[in-house]
Amino acid sequence: MLNYRTPAVLAGLLLFLIAAGVSAHGVSGADARFLNDAEGFHFVVYLYLGAKHMVTGYDHILFLFGVIFYLSNLRTVALYVSLFALGHSITLIAGVLMDLHVNVYIIDAIIGVSVIYKAFDNLGGFERLFGVKANNRSAVFIFGLFHGLGLATKLQELQLSEQGLFANLLSFNLGVEIGQLLALMYLLLLLKLIQRFTSTTMVGISINFLIMTGGFALTAYQLSLYFSS
Amino acid sequence: MSTPQPSLSTRQLVLSLLVAMLLGVGLAMLIVLPAEKGEDPTGFGALTGVDKLSEPEVVDEIPLVLAPVEPVSNEDALYIRIDPIKSKAVVNEFGEPQPFVDGANIRQHEQHYKGQLIEIKIDTDEQVEYKALMEEGDVLLYFWEADAELYFDFHAHQDTGDPNFFTRYAEGEGKSDHGSIVAPYSGQHGWYWLNIAGKPVTVQLGVSGYYDEIIEIDMKAEAE
């Protein structure tokens, strides 16, 4: 049952999502210029850029929110987030070092699909429609691989200097994890807040429906960019 | 710390998936794409004005470099790396690079450069001549493109001295040319075209750079 506070909470969530969406995703203009010109090892710079990418990366955050939405305790949250981090670290580092070039729109579209997948799974969709409970751990790990590939393509758009590449990459990756933890803290707080005001299944359905809608918007947007590029 | 996981019917699930898809794709196509990229597949962006958000900031009164090519987005331009000029670098006693003094390499003007795109129709067997009035050492980028072959004579006359003296940059037959001039002296620099196509021809002439004005030489008066 919806109570009178629900609309306020949903509005707050929507505002949060919009605020996250306003700041440009990817590595923005001035940052890109710096990275193009910089040579050698810049620990704090790459750390900051990694964290910023994660905190402002609404596609990663939507996915993360979907992942933790129905987790029952902090230990499970830590497990899933670690699996996600392991997945994206592997492809981020391997992608840049092996100079793998994947179309950025396709990757971002897949990331959008991961958001749809997770929200639909939260609604119990796969169990009901296909009679199978998706293996959540491997799903989170595999989508983590795709998210990392997305991070790698964005770093590769810049001409990174060979000098200090590996150390810079590790700094960026560390930054990504810090940013993810920061985002996670806000998301957990938000979840707590939602549950404090209302603990009905209707709210869960509404929010996951919104996440799913966001996933479709991301996917459609990226695919149309791919076809027009 | 968990709300109970929902148990929806197949019908509800399929419905929520379809509605989410409709809303999500609609949002992307109607608003996000026009606002972010200026692509407006539905026309809704133009209707509501959100497509204006993606237009690059326009600075008034600055002529564009006229070029017959697709513009690149400013995002791409960020990734073009310009190598520093290594030749002719002058350093002071501290090893710091000093400004060029050589006017052949760099010249700063008080005014912004100009640009013009001129469409010229030339009748069968007719001849026309267009000239840019330039100061010595100034730079002009140009292109011209015709829809049929023309005879062209790309040349310059000096402001002073013998009026019959001229410098020929290039001549020949063709449908287009593009390039740049650094004016070897103050005077008229430009193009003579003779229509040898046997039918009327249209030429697009684009210029951009430092010049006073583009003039058309009256060929009938010249002939008399």
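Residues numbered from 1 in each chain as written. Chains lettered and ligands numbered in written order. Predicted model: local features only at pLDDT ≥ 70, side-chain atom pairs only at ≥ 80, totals over all residues. Heavy atoms only, no water.

1. Observations concerning the overall build of chain A
Piece 1. On a plain count of helices and strands, chain A comes out with 10 helices and zero strands.
Piece 2. Reading the secondary structure of chain A in the N-to-C direction produces α-α-α-α-α-α-α-α-α-α.
Piece 3. Counting the 229 residues in chain A, one finds 55% classified as buried.
Piece 4. Looking at chain A alone, contacts between residues at least 24 apart form 87% of all its contacts between residues at least 6 apart.
Piece 5. With the model as given, the accessible surface of chain A reaches about 10,200 Å², and the carbon-plus-sulfur share is 69%. (Helix = DSSP H or I, 4+ residues; strand = E, 2+ residues; numbered from the N terminus. Buried < 20%, exposed > 50% of the residue type's maximum accessible area, 1.4 Å probe, protein only. Contact = heavy atoms within 4.5 Å. Areas by Shrake-Rupley, 256 points an atom, 1.4 Å probe, with all protein chains shown as cover.)

2. Observations regarding the overall build of chain B
Piece 1. For chain B, the helix and strand inventory stands at four helices and nine strands.
Piece 2. From first element to last, N terminus to C terminus, chain B shows the α and β order α-α-α-β-β-β-β-β-β-β-β-β-α.
Piece 3. When burial is assessed residue by residue, chain B has 28% of its 224 residues classed as buried.
Piece 4. Long-range contacts, defined here as pairs at least 24 residues apart, represent 73% of the contacts in chain B between residues at least 6 apart.
Piece 5. About 14,800 Å² of surface is accessible on chain B, with carbon and sulfur atoms providing 54% of the total.

3. Some remarks on the environment of aspartate 177 of chain B
Residue and element names in this part refer to chain B.
Piece 1. Within the secondary structure, aspartate 177 sits in strand S6 (residues 166-182).
Piece 2. Spatially, the C-alpha atom of aspartate 177 lies 9.9 Å from that of phenylalanine 154, the residues being 23 residues apart in sequence.
Piece 3. With residues near it in sequence (within four places) discarded, aspartate 177 still touches Tyr142, Phe143, Trp144 and Phe154.
Piece 4. Looking at aspartate 177, its side chain comes within polar contact range of the side chain of tyrosine 142, at 2.9 Å. (Polar contact = N/O pair within 3.5 Å; in protein donor to acceptor, adjacent residues only side chain to side chain.)

4. Here's the deal with the packing of helix H5 (residues 74-97) of chain A against helix H8 (residues 136-156) of chain A
Residue and element names in this part refer to chain A.
Piece 1. Following both chains from N to C, one finds H5 and H8 inclined at 35°, their axes separated by 6 Å at the closest point. For the element pair H5 and H8, the recorded crossing hand is right-handed.
Piece 2. Of the residues that constitute the contact of H5 with H8, the class distribution is 16 nonpolar, nine polar and one charged. (Axes fitted to C-alpha atoms, helices over the stretch in contact; angles between N-to-C directions. Left-handed = near helix turned anticlockwise from the far one by under 90°. Nonpolar A, V, L, I, M, F, W, Y, C, P; charged D, E, K, R; others polar.)

5. Considering the packing of aromatic side chains
Piece 1. Going through the model one piece at a time under the given rule, you end up with 18 aromatic pairs over all chains.
Piece 2. With a centroid separation of 5.2 Å and 70° between ring planes, the pair formed by tyrosine 226 of chain A and phenylalanine 227 of chain A is classed as edge-to-face.
Piece 3. When its relative accessible area of 32% is taken as the criterion, tyrosine 226 of chain A is described as partly exposed.
Piece 4. Linked through ring pairs, Phe63, Phe84, Tyr117, Phe120, Phe126, Phe130, Phe143 and Phe146 of chain A together constitute an aromatic cluster.
Piece 5. When the ring centre of tyrosine 211 of chain B is taken as origin, the NZ or CZ atom of lysine 114 of chain B, which lies over that ring, is 5.5 Å away. (Phe/Tyr/Trp six-rings, centres within 6.5 Å; stacked < 30°, edge-to-face > 60°. Lys NZ or Arg CZ within 6 Å of the ring centre and 35° of its normal.)

6. With respect to the pattern of salt bridges
Residues and elements named next belong to chain B.
Piece 1. Applying the stated criterion across every chain, the model contains seven salt bridges over all chains.
Piece 2. Arginine 107 is the partner of aspartate 138 in a salt bridge, and the nearest nitrogen-oxygen pair spans 3.0 Å. In this pair, aspartate 138 is assigned in the loop between strand S4 (127-134) and strand S5 (139-158) and arginine 107 in the loop between strand S2 (97-98) and strand S3 (114-122), connecting sequence segments 31 residues apart.
Piece 3. Exposure remark for arginine 107: the relative accessible area of 39% places this residue in the partly exposed category.
Piece 4. For the salt bridge of arginine 168 with aspartate 153, the shortest nitrogen-to-oxygen distance reads 2.8 Å. Of the two residues, arginine 168 is situated in strand S6 and aspartate 153 in strand S5; the sequence distance between them amounts to 15 residues.
Piece 5. A residue is classified by how much of its surface remains accessible, and aspartate 153, at 7% relative accessible area, is buried.
Piece 6. Among the ionic contacts, a cluster of salt bridges with common partners joins Asp153, Arg168 and Glu171. (Salt bridge = Lys/Arg side-chain N within 4 Å of Asp/Glu carboxyl O.)

7. A closer look at helix H4 (residues 58-68) of chain A
Piece 1. Along H4 of chain A, 10 of the 11 residues are buried, which leaves the element largely enclosed by surrounding structure.
Piece 2. Listing the buried residues of H4 of chain A in full gives Asp59, His60, Ile61, Leu62, Phe63, Leu64, Phe65, Gly66, Val67 and Ile68 of chain A.

8. So, the environment of threonine 167 of chain B
Residue and element names in this part refer to chain B.
Piece 1. By secondary structure assignment, the location of threonine 167 is in strand S6.
Piece 2. The contact partners of threonine 167, leaving out residues within four places of it in the chain, are Phe154, His155, Ala156 and Tyr185.
Piece 3. A polar contact of 2.5 Å, which involves the side chain of threonine 167, links it to the side chain of tyrosine 185.

9. Points about the side chain of threonine 213 of chain A
Piece 1. Take threonine 213 of chain A: it is sitting in helix H10 (residues 201-228).
Piece 2. Take threonine 213 of chain A: its relative accessible area is 9%, and that puts it in the buried class.

10. Comments concerning the environment of histidine 178 of chain B
Residues and elements named next belong to chain B.
Piece 1. In this structure, histidine 178 sits in strand S6.
Piece 2. Histidine 178 sits in the exposed class, given a relative accessible area of 56%.
Piece 3. Sequence separation between histidine 178 and phenylalanine 143 is 35 residues; the distance between their C-alpha atoms is 3.9 Å.
Piece 4. The contacts of histidine 178, once residues within four sequence positions are left out, are Tyr142 and Phe143.

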